[in-house]
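# Residue-level structural notes
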Amino acid sequence: KSRARRARKETSTTTLDDVAGIESAKRDIAEIIDFLKSPEKYRRLGAVMPKGVLLVGPPGTGKTLLARAIAGEAEVPFFSISASEFIEMFVGVGAARVRDMFQNARKEAPALIFIDELDAIGRSRGAGLGGGHDEREQTLNQILTEMDGFEAHENVLVLAATNRPDVLDSALLRPGRFDRKITLDRPHKEAREAILKVHVRKVPLAADVDLAQLSARTTGFSGADLKNLVNEAALTAARENLDEVNAHCFEQARDRLILGEERDAQLTP
Ligand code: ATP
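As recorded by an unreviewed UniProt entry, the protein carries the name ATP-dependent zinc metalloprotease FtsH and is attributed to Marinobacter excellens LAMA 842.

The following block contains the structure:
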């Protein structure tokens, strides 16, 4: 059975306060938010905003979170779809979904469209997947057609996420399509500390918890991993009937997450 579904529309309540450690991308993001908030200002000045922005970064670095935060800050409707869902669809369904989504977004403009896992359909046609996958290609073509078909003044911005920018079909990256890029890297130490702070906002911490030290001991963790770490620590505290989450809970959680990853790595050759 197909996992196919229509594009989801939501009103995002996520804000930039929920996204930490992305200092290098802040200026680009501020401009995009400002544009969605007051497109008229840009139009009066004759400034053309990009139609498409690529969010590039490894899994769990907050691409989806950032897209939601942009919609939340600009207070515009957020339409989202995951490109990997199109793979299992009947031919023609993906293209129709894409058409619908763009139509709805235009009606409610300014609006933001988010396409997750763009590489699932956006791989270069010569990437050696063996023969064109019809559905994939049709859906991709529909996205390109839609992006070419609307004018910058329609105030629909398309964000697309990928962790494989290297395999994307160059047609996607041409001017007027995804010609801007925001890169989210795996967080360095200070960024990890900032992300931890976001996720402990609602967690009662014991006095022995040192987030700076914890961030130093979580090299390689993504934002999603850090969120997981905080939750695992809180679960440990609950299991032990504690009132607060202490350093020991974080240690246990950290060990469990790291061991879990090693086990997974052994299972997948
Ligand atoms: P994927 O490529 O796997 O889809 P992604 O880059 O879209 O991942 P998200 O789904 O946005 O990552 O991240 C998962 C969760 O991890 C977020 O909902 C958030 O709770 C947490 N997270 C990730 N990055 C950050 C960050 N920079 N600041 C705060 N929280 C973060």
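When helices and strands are counted, the protein shows ten helices and six strands. Sorting the 269 residues of the protein into buried and exposed places 46% on the buried side. The long-range fraction of contacts in the protein, counting pairs at least 24 apart against all pairs at least 6 apart in sequence, stands at 79%. For the protein, the accessible area works out to roughly 13800 Å², and carbon and sulfur atoms hold 49% of it.

Positionally, R106 belongs in helix α4 (residues 93-107). Under the relative-accessibility criterion, R106 is labelled partly exposed at 28%. Each C-alpha atom, one on R106 and one on V156, is 6.4 Å from the other, the two residues being 50 residues apart in sequence. In this structure R106 touches E146, G149, F150, E154 and V156, once residues within four positions along its chain are discounted.

On to the sheet that holds strand β1 (residues 8-10). Strands belonging to one sheet form pairs held by backbone hydrogen bonds; the direction of such a pair is parallel or antiparallel. The mixed open sheet is built from six strands, whose spatial order is β1-β3-β4-β5-β2-β6. This sheet does not close on itself; its edge strands, each paired only once, are β1 and β6 (178-183). Between one strand and the next, the sheet's axes are offset by a mean angle of 25 degrees, whatever the strand orientation. As paired strands, strand β2 (residues 52-56) and β6 are joined by five bridges and run parallel to one another. Bridge pairing links L54 to K181 in β6. Set on the sheet, helix α3 (residues 63-74) makes contact with β1, β2, β3 (78-82), β4 (111-116) and β5 (156-162); between it and β4 the angle comes to about 175 degrees.

Interhelical geometry of helix α7 (residues 189-199) versus helix α9 (residues 223-239) gives an angle of 45 degrees and a closest axis separation of 9 Å. As the angle between them shows, α7 and α9 are arranged oblique. Along this stretch, α7 crosses α9, giving a crossing that reads as right-handed. On the side of α7, the interface is formed by R192, I195, L196 and H199, while α9 contributes G223, L226, K227, L229 and V230.

Rules and cut-offs
- Residues numbered from 1 in each chain as written.
- Predicted model: local features only at pLDDT ≥ 70, side-chain atom pairs only at ≥ 80, totals over all residues.
- Heavy atoms only, no water.
- Helix = DSSP H or I, 4+ residues; strand = E, 2+ residues; numbered from the N terminus.
- Buried < 20%, exposed > 50% of the residue type's maximum accessible area, 1.4 Å probe, protein only.
- Contact = heavy atoms within 4.5 Å.
- Areas by Shrake-Rupley, 256 points an atom, 1.4 Å probe, with all protein chains shown as cover.
- Pairing = 2+ DSSP bridges.
- Axes fitted to C-alpha atoms, helices over the stretch in contact; angles between N-to-C directions.
- Parallel < 35°, antiparallel > 145°, perpendicular 65-115°, else oblique.
- Left-handed = near helix turned anticlockwise from the far one by under 90°.

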